[in-house]
Structure formats: C-alpha cells, structure tokens
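Observations on the three-dimensional arrangement
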Amino acid sequence: VAAGRRLKTDPRRSALMKRVRQRGTPLEVEVGRICTSLGLRYRRNVKTLPGSPDLANRSRRWAIFAHGCFWHHHDDCGLATVPTRNARFWTEKFAANRERDARKIAQLKGLGFRVLVVWQCELDDRRRLVRRLSNLGEARIA
Ligand SMILES: [Zn+2]
C-alpha cells in the first residue's frame, strides 16, 4: 500500500501516462485521413458511444479504435513493452485496459456496430492499413 501511494506522485510515470493518453495521436490522425480518402464519413472521439471510439459513424454503424500498442498492450507486439520500473503496477494496468477495451467492443457489437481496432504498429504498412479500412467501407450497411 505504501508503495502504491508513492506511485501516485511519481512524476516520471505521470508524464508517461499523460503522453500515452493524449488525444489526436498520429495514428488517429492518419486513420482519419485514410477514412476521408476512402469517402468514409465519421466523427472523432464519439463520447456518446461505449468506449468513446476514436472514429465512428453512427448511422452506418461502424466504429474504429486507434490503439496505442503500449497503452492497450497489443499482443505479440514489440511496442507493447512493460516498464521494468513498477512492472507490477503496469502489468495490472494493462490487464485492466485490455479488459475494458474488450467490454466496450462487446457493447458496441451488441448495439449492431462493426468494430475495427487499428494498432499503432500498423502505420508501418500503410497499404495494408488502407486495405483494412476499405473493407469496412465495402461492408457498409445500406
Ligand atoms: Zn502493435
């Protein structure tokens, strides 16, 4: 408990959390650009939908989460590291984040939404990313 209290005021960790949580990450911006180029209309950071999807179109019933690999702890991804300092804190934090992500996606699907999770590391293969996003467009509900 004492260690946990000390963690709360760790300035390095606070700075890291602030950085990884910020809105309008390069990934979100790029995914938005690609969607626009594909003729997909969307709103950003839709707070009225479960999990506040980064991009969503309510009438077309699709939502996209643009996830940072570190914060959302992408499976088998080199960017999904666990800081050695306070490793247990981070491991628990990542597990909670992933659990919450899965729950929000399930809620959206329950509302009839198609949900796409785009990962930060996918920026390395832009063509593949464009293809994934265009599949979403092709599958649109009339
Ligand atoms: Zn990744």
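Conventions and cut-offs
Residues numbered from 1 in each chain as written. Predicted model: local features only at pLDDT ≥ 70, side-chain atom pairs only at ≥ 80, totals over all residues. Heavy atoms only, no water. Donors = N, O, S within 2.8 Å, 3.2 Å for Na, K, Ca; no water. Helix = DSSP H or I, 4+ residues; strand = E, 2+ residues; numbered from the N terminus. Buried < 20%, exposed > 50% of the residue type's maximum accessible area, 1.4 Å probe, protein only. Pairing = 2+ DSSP bridges. Contact = heavy atoms within 4.5 Å. Axes fitted to C-alpha atoms, helices over the stretch in contact; angles between N-to-C directions. Expected span 1.5 Å × (residues − 1).

**Brief notes about the coordination of the zinc ion**
Distances from the zinc ion to its protein donors, Cys-69 (SG), His-74 (ND1), Cys-77 (SG) and Cys-121 (SG), fall at 2.1 to 2.4 Å. In the primary sequence, the donor residues of the zinc ion line up as C-x4-H-x2-C-x43-C. A residue pair is termed long-range when its members are at least 10 positions apart, and Cys-69 in the loop between strand E3 (62-67) and helix H4 (87-110) and Cys-121 in the loop between strand E4 (114-119) and helix H5 (126-138) qualify at 52 residues. Classification of Cys-69 by relative accessible area gives buried; the value is 0%.

**Brief notes about the sheet that holds strand E2 (residues 55-57)**
The sheet built from four strands is open, its strands ordered E1-E2-E3-E4 with mixed pairing. Across the chains shown, the open sheet's two edge strands, defined by having one partner strand only, are strand E1 (43-44) and E4. Sheet topology places E2 next to E3; three bridges connect them, and they run antiparallel. Its bridge partner lying in E3, Ala-56 is registered against Ala-63. In this fold helix H3 (residues 26-37) packs onto E1, E2, E3 and E4, with an angle of close to 145 degrees to the strand it touches most, E3.

**Some points on H4**
The end-to-end C-alpha distance of H4 is 34 Å, a good match for the 34 Å that 24 residues give at a rise of 1.5 Å each. Within the span of H4, buried status applies to Phe-89, Trp-90, Phe-94, Asn-97, Asp-101, Ile-105 and Leu-108. Taken from the residues just after H4, Gly-112 is the one with a positive phi, measuring 90 degrees.

**Looking at unusual backbone geometry**
Positive phi, close to 50 degrees, is recorded for Asn-45, a residue that is not glycine. Within the element layout of this structure, Asn-45 appears in the loop between E1 and E2. For His-73, which is not glycine, the phi torsion reads 50 degrees and is therefore positive. Tracing the backbone shows His-73 in the loop between E3 and H4. Among the residues examined, His-73 registers a relative accessible area of 17% and is labelled buried.

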